[in-house]
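Structure assessment
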Amino acid sequence: MLDSSRPDPLRADLLENAGKSGIKHGFFTRIGGVSTGIYQGLNIGTGSSDDQNLVRENRRRVANWMGVAPDALITAHQIHSPDAIIVRAP
């Protein structure tokens, strides 16, 4: 049974199997978060109008799943547009 108190991200096989140890990643859904209202679930958007204490807890949960400290969690700021960015280096 799915534990709705813990994040359970979708993962891409190509990233899981990249290189010697793969790339730790996840495409997180709303499952496992503490936000309410229009942000209900796992909102990790620091730029949202959500309660930032709830956002910090959601980010802590994602960082825990990723195996990193919350301040080491790297996320993208999502914008709905046709533009794309290609990352070639850290």
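A brief structural summary. (Residues numbered from 1 in each chain as written. Predicted model: local features only at pLDDT ≥ 70, side-chain atom pairs only at ≥ 80, totals over all residues. Heavy atoms only, no water.)

A word on the overall build of the protein. If you tally the helices and strands in the protein, you get two helices and zero strands. When its C-alpha atoms are laid out on the principal axes, the protein stretches across 40 × 35 × 25 Å. The proportion of buried residues among the 90 residues of the protein is 19%. In the protein, the proportion of contacts linking residues at least 24 apart, taken out of those at least 6 apart, comes to 32%. Accessible surface, the protein: about 7100 Å² in total, of which carbon and sulfur atoms supply 55%. Of note, the protein has its 10 positive side-chain charges centred 4 Å away from the centre of its 9 negative side-chain charges. (Helix = DSSP H or I, 4+ residues; strand = E, 2+ residues; numbered from the N terminus. Buried < 20%, exposed > 50% of the residue type's maximum accessible area, 1.4 Å probe, protein only. Contact = heavy atoms within 4.5 Å. Areas by Shrake-Rupley, 256 points an atom, 1.4 Å probe, with all protein chains shown as cover. Lys, Arg positive; Asp, Glu negative; His and termini not counted. Charge placed at Lys NZ, Arg CZ, Asp CG, Glu CD.)

Turning our attention to the nonpolar core. Grouped together as the largest cluster of nonpolar side chains are five residues: L42, V62, A63, M66 and L73. For L42, the residues in contact, after removing those within four places along its chain, are P7, F28, T29, R30, I31, G32, G33, N58 and V62. (Core = buried A, V, L, I, M, F, W, Y, C linked by side-chain atoms within 4.5 Å.)

Note that an α-helix has 3.6 residues per turn; residues three or four places apart therefore point the same way. The first and last C-alpha atoms of helix α2 (residues 52–66) sit 20 Å apart over 15 residues, in line with the 21 Å expected at 1.5 Å per residue. Looking at α2, one finds that the buried residues are V55, N58, R59, V62, A63 and M66. For α2, the angular spread of the buried residues around the axis is 140 degrees, confining them to a single face. What points out from α2, more than 90 degrees from its buried face, is the exposed set N53, R56 and N64. N-capping of α2 is provided by D51, with a side-chain oxygen placed 2.8 Å from the backbone N of N53. With its phi angle positive at about 80 degrees, G67 sits one or two positions after the end of α2. (Expected span 1.5 Å × (residues − 1). Arc of directions from axis to C-beta. Polar contact = N/O pair within 3.5 Å; in protein donor to acceptor, adjacent residues only side chain to side chain.)

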